[in-house]
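Next come the chains, spelled out residue by residue.
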Amino acid sequence: MRTIVKGKNIEVPDRVRVYAERKLRRLDRILDDRSDAIVELSNEQHRSAADAHIAEVTLVIDGQTLRSHAAGASYQAALDVVLDKVERQAVDHKEKPRLRARPVEEKDILRKIADGTADGGRERAVVKTKRFAIEPMFEEDAIAAMEELGHSFFVFVDAENERLAVLYRRKDGDYGLIEPILAGTYTPGRNGDGKKQ
């Protein structure tokens, strides 16, 4: 198995690299030399010290990707947890009976599901509504709150301009901010069609 250990915006200490490579060797009994393992380590400053070190492991087995991540007080602790998870995934993957040849109809159904066209005749509906109080806060506080909740987006009122904002995590790991504005003008005392109420 080929192994890559890298840091996301950090320099990986040699002792941690050696630890990760040694721990990954236990997967050699399950995987062959065509498999790849990528370990990415990162540190999140705004998390508590108990879970500030993040370890993410991606395995590529027979062209299929298995991924898991864990947080811990140290990189070694996070690696111990994530490697247990990914080892279970690898064992499950190897023990599952492989379906090599699928009938044409089944392939079409799977393609439609992937395209999002599987149930084109079904009308979409809002099935859940959440209401919650929004307190004004600064962007840094919104980032901390979003990370604490473990969400990929967070709605808040910006304390600087008192406007609604949506914070979201980008694929590159940075954050984006959406600041909605109303199109047109708002005139009190008028309904949606512009007529007096």
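These numbers come from a predicted model, not from an experiment. (Residues numbered from 1 in each chain as written. Predicted model: local features only at pLDDT ≥ 70, side-chain atom pairs only at ≥ 80, totals over all residues. Heavy atoms only, no water.)

**Concerning the overall build of the protein chain**
Our working definition: A helix here means a DSSP run of H or I that spans at least four residues, while a strand means a run of E at least two residues long, and both kinds are numbered starting from the N terminus. Remark: exposure states derive from per-residue accessible area (1.4 Å probe, protein chains only) relative to the maximum for the residue type, with buried under 20%, exposed over 50%, and partly exposed in between. What makes two residues a contact is simply this: any of their non-hydrogen atoms within 4.5 Å. Note that accessible areas follow from Shrake-Rupley with a 1.4 Å probe, and for residues the cover is restricted to the protein chains shown.
When its secondary structure is counted, the protein chain shows 4 helices and 8 strands. Ordered by position from N to C terminus, the α and β elements of the protein chain give β-α-β-β-β-α-α-β-α-β-β-β. Counting across all 197 residues of the protein chain, residues that qualify as buried make up 26%. Across the protein chain, the fraction of contacts at a sequence separation of at least 24, relative to all contacts at a separation of at least 6, is 41%. Total accessible area on the protein chain stands at roughly 14,400 Å², and carbon and sulfur atoms take up 50% of it.

**Here we look at a nonpolar patch on the surface**
Counted only if it meets this: Patch criteria: residues need more than 30% relative accessible area and no salt bridge. Like-charged residues are merged within 9 Å; nonpolar side chains of Val, Leu, Ile, Met, Phe, Trp and Tyr are merged within 5 Å. Any carboxyl oxygen of Asp or Glu that lies within 4 Å of a side-chain nitrogen of Lys or Arg is treated as forming a salt bridge with it.
Together, Phe132, Ile134 and Leu164 make up a nonpolar patch on the protein surface, roughly 270 Å² of accessible area in all. Relative to the helices and strands, Ile134 resides in the loop between α3 (104–115) and β5 (136–137).

**Brief notes about the side chain of Ser35**
You can see Ser35 is positioned in the loop between α1 (14–24) and β2 (36–43). Assessed through its relative accessible area of 0%, Ser35 is described here as buried. Not counting residues up to four positions away in its chain, the partners in contact with Ser35 are Met1, Arg2, Val60 and Ile61.

**What to know about α1**
Quick note on the threshold: What the arc covers is the set of directions going from the helix axis to the C-beta atoms.
Of all the positions in α1, only Val16, Tyr19, Ala20, Lys23 and Leu24 are classed as buried. Within α1, the buried residues cover an arc of 125° as seen down the axis, which keeps them to one side. The exposed set on the far side of α1, more than 90 degrees from its buried face, consists of Asp14, Arg15 and Val18. Of the surrounding elements, those touching the buried residues of α1 are β1 (2–7), β2 and α2 (75–95).

**Description of the environment of Glu162**
Examined against the element boundaries, Glu162 turns out to sit in the loop between β6 (153–158) and β7 (164–169). Separated by 24 residues in the primary sequence, Glu162 and Phe138 place their C-alpha atoms 10.0 Å from one another.

**Observations concerning unusual backbone geometry**
Of note in this structure, Asn9 is not a glycine but carries a positive phi near 65°. On the accessibility criterion, Asn9 (78% relative accessible area) is exposed.

**Focus: α2**
Spelled out, the test is: Expected span of a helix, by definition, is 1.5 Å for each gap between consecutive residues, and there is one gap fewer than residues.
Helix length check: α2 (21 residues) gives 30 Å between terminal C-alpha atoms against 30 Å at 1.5 Å per residue, within 8%. Three or more residues of α2 are buried, namely Tyr75, Gln76, Ala78, Leu79, Val82, Leu83, Val86, Glu87, Ala90 and His93. Buried residues in α2, looked at end-on, bunch into an arc of 160°, giving them a common side. Across from the buried face of α2, at angles greater than 90 degrees, the exposed residues are Arg88 and Glu95. On the buried face of α2, the contacting elements are α1, β2, β3 (53–61) and β4 (64–72).

**A short note on the sheet that holds β7**
Just so we agree on the cut-off: Pairing between two strands is assigned when DSSP locates at least 2 bridges connecting them. Throughout, an axis means a line fitted to C-alpha atoms (over the contacting stretch in the case of helices), and angles, computed between N-to-C directions, take values from 0 to 180 degrees.
Spatially, β5-β6-β7-β8 is the arrangement adopted by the 4 strands of the open sheet, whose pairing is mixed. The sheet is open, and its two borders are formed by β5 and β8 (175–178), each paired with just one other strand. Along the sheet face, helix α4 (residues 139–149) touches β5, β6, β7 and β8 and points at about 150° away from the line of β6.

**Details of the confidence of the model for the protein chain**
As a reminder, the rule being used: A residue's pLDDT is simply how confident the predictor is in it, with values from 0 to 100.
When pLDDT is averaged along the protein chain, the result is 78, and 78% of the positions lie at 70 or above. Overall, residues 186–197 carries pLDDT values under 50, and its contacts beyond four positions in sequence, including any with other chains, amount to 7 contacts.

**Description of the environment of Tyr168**
Mapped onto the elements of the fold, Tyr168 is located in strand β7. Residue Tyr168 is classed as partly exposed on the basis of its relative accessible area of 31%. Each C-alpha atom of the pair Tyr168 and Ile143 lies 8.7 Å from the other, and the pair is 25 residues apart in sequence. Beyond its immediate chain neighbours, meaning those up to four positions away, Tyr168 contacts Met146, Ser152, Phe153, Asp174, Tyr175, Gly176, Leu177 and Ile178.

**Brief notes about the side chain of Glu147**
Along the chain, Glu147 falls in helix α4. In this view, Glu147 contacts Glu44, His46, Arg169 and Tyr175; residues no more than four positions away in its chain are not counted.

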